[in-house]
Amino acid sequence: MKTEWSGRTVTQPGMAPQPGTKTQEPATATPGGAPTRIAILGASGQIGLALLRRLDRQPQLEVTGICRSTLSATRVVQAGGEVL
């Protein structure tokens, strides 16, 4: 089931796109057109990495991982994330 919202088609919960796919039309999350920036604390852990991978597929989000060591940061970079 799909719903119109602000001129875009939005997929309802339970009808998410397949993993690894980005939406066809990048949308901006803020009125000025800039993407929403999200920082994930503990991005090198199991949940942090899974969250980073999932959110990174959304074109309207700018995701950055925060790690406490360079060894941890390596895991995030290998997963395709940016590190702060």
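Fair warning: this is a prediction, and the values are worked out from it, not measured in the lab.

(A) Summary view of the confidence of the model for the chain. Of the residues in the chain, 63% have a pLDDT of 70 or more, and the chain-wide mean is 75. Below a pLDDT of 50 lies the segment residues 1-12, which in the model reaches 14 contacts outside its immediate sequence neighbourhood of four places, other chains included.

(B) Seen up close, the nonpolar core. Core analysis: the biggest nonpolar cluster contains 10 residues, these being Ile40, Ala43, Leu49, Leu52, Leu55, Leu61, Val63, Cys67, Ala73 and Val76. Only α1 (46-56), β4 (61-66) and α2 (70-78) provide two or more residues apiece to this core. Residue contributions to this core peak at three residues, all from α1. Ignoring any residue separated from it by four or fewer positions in sequence, one finds Cys67 in contact with Ala43, Ser44, Ser72, Ala73, Val76, Val83 and Leu84.

(C) Structural context of α2. For α2, the set of buried residues is Ser72, Ala73 and Val76. Buried residues of α2 fall within an arc of 100 degrees about the axis and therefore sit on the same side. What points out from α2, more than 90 degrees from its buried face, is the exposed set Thr70, Leu71 and Gln78. Positive backbone phi, at 95 degrees, marks Gly80, one or two positions downstream of α2.

Definitions and cut-offs
- Residues numbered from 1 in each chain as written.
- Predicted model: local features only at pLDDT ≥ 70, side-chain atom pairs only at ≥ 80, totals over all residues.
- Heavy atoms only, no water.
- pLDDT = per-residue confidence, 0-100.
- Contact = heavy atoms within 4.5 Å.
- Core = buried A, V, L, I, M, F, W, Y, C linked by side-chain atoms within 4.5 Å.
- Buried < 20%, exposed > 50% of the residue type's maximum accessible area, 1.4 Å probe, protein only.
- Helix = DSSP H or I, 4+ residues; strand = E, 2+ residues; numbered from the N terminus.
- Arc of directions from axis to C-beta.

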